[in-house]
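Okay, here's what each chain looks like letter by letter:
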Amino acid sequence: MRNDTPSRILVVDDDPRLCELLDDVLSEEGYGVVTATSGQAALALAAKTRPDIVLLDVVMSGMDGVVTLGKLREQSY
């Protein structure tokens, strides 16, 4: 059985231009996209949107991608 609901993708990068670019490209391909420019924002968005896929920058100021990933896994969304 095919699922016609587009995958929800959370894009996390501290460069807002890259978030915007990925949002444009992925949305054009039919994905539902939300973006965050920090680890903290990503955690809040993930709790609300429950993404299917997370594209996560590893090197970010503040909470880096590795810590963010660990916290996302702890949320067990």
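Refer to the preceding data block for the structure.
In this numbering scheme, every chain counts its residues from 1 along its sequence in written order. Two thresholds apply to this predicted model, a pLDDT of at least 70 for residue-level local features and 80 or more for giving and counting side-chain atom pairs, whereas whole-chain, interface and lining totals are computed over all residues. To obtain the side-chain values, all non-hydrogen atoms of the structure were used and water was disregarded.

### Things to note about the overall build of the protein chain
At step 1: The numbering of helices and of strands both runs from the N terminus, where a helix is a DSSP run of H or I of at least 4 residues and a strand a run of E of at least 2. Counting its regular elements, the protein chain contains three helices and three strands.
At step 2: Along the protein chain, helices and strands appear, N-terminal first, in the series β-α-β-α-β-α.
At step 3: For a compact globule the rule gives 2.2 Å times the number of residues to the power 0.38, and the radius of gyration it is set against comes from C-alpha atoms. Its C-alpha atoms give the protein chain a radius of gyration of 12 Å, within 12% of the compact-globule value 11 Å for 77 residues.
At step 4: When its C-alpha atoms are laid out on the principal axes, the protein chain stretches across 40 × 30 × 15 Å.
At step 5: Per-residue burial over the protein chain gives 26% buried out of 77 residues.
At step 6: Using the Shrake-Rupley algorithm and a 1.4 Å probe, accessible areas are obtained, with residue cover drawn only from the displayed protein chains. With an accessible surface of roughly 5200 Å², the protein chain has 52% of that area assigned to carbon and sulfur atoms.
At step 7: We count Lys and Arg on the positive side and Asp and Glu on the negative side, and we leave His and both chain ends out. By convention, charge coordinates are those of NZ in Lys, CZ in Arg, CG in Asp, or CD in Glu. Charged side chains of the protein chain number 7 positive and 13 negative; the gap between the two group centres comes to 10 Å. Three exposure classes are used, based on accessible area relative to the maximum for each residue type with a 1.4 Å probe and protein chains only: buried under 20%, partly exposed in between, and exposed over 50%.

### A word on the nonpolar core
At step 1: Only buried residues count toward a nonpolar core, which is a set of Ala, Val, Leu, Ile, Met, Phe, Trp, Tyr and Cys residues joined through side-chain atoms within 4.5 Å. Leu10, Val12, Ala36, Ala42, Leu43, Leu45, Ala46, Met60, Met63 and Leu72 form the largest nonpolar core, which has 10 residues in total.
At step 2: Where this core is concerned, the elements lending two or more residues are strand E1 (8–12) and helix H2 (39–49).
At step 3: Considering each element in turn, this core owes the most residues, four residues, to H2.
At step 4: Those residues in contact with methionine 60 that lie beyond four places of it in its chain are Val12, Asp13, Asp14, Gly39, Gly65 and Thr68.
At step 5: In this structure, Ile9, Val11, Cys19 and Val33 belong to the second largest nonpolar core, which totals five residues. Here, two residues are considered to be in contact whenever any of their heavy atoms come within 4.5 Å of each other.

### A look at the sheet that holds E1
At step 1: One open sheet holds the three strands; their spatial order is E2-E1-E3, and the pairing between them is parallel. Bordering the open sheet on either side are strand E2 (32–36) and strand E3 (53–56), each of which pairs with just one other strand. Averaged over all pairs of adjacent strands, the angle between their axes in this sheet comes to 20 degrees, without regard to strand direction.
At step 2: Any two strands with at least two DSSP-identified bridges between them are counted as paired. As paired strands, E1 and E3 are joined by four bridges and run parallel to one another. Paired with leucine 10 across the bridge in E3 is valine 54. Only the contacting stretch of a helix is used when fitting its axis, a line to C-alpha atoms as for every element, and angles between N-to-C directions run 0 to 180 degrees.

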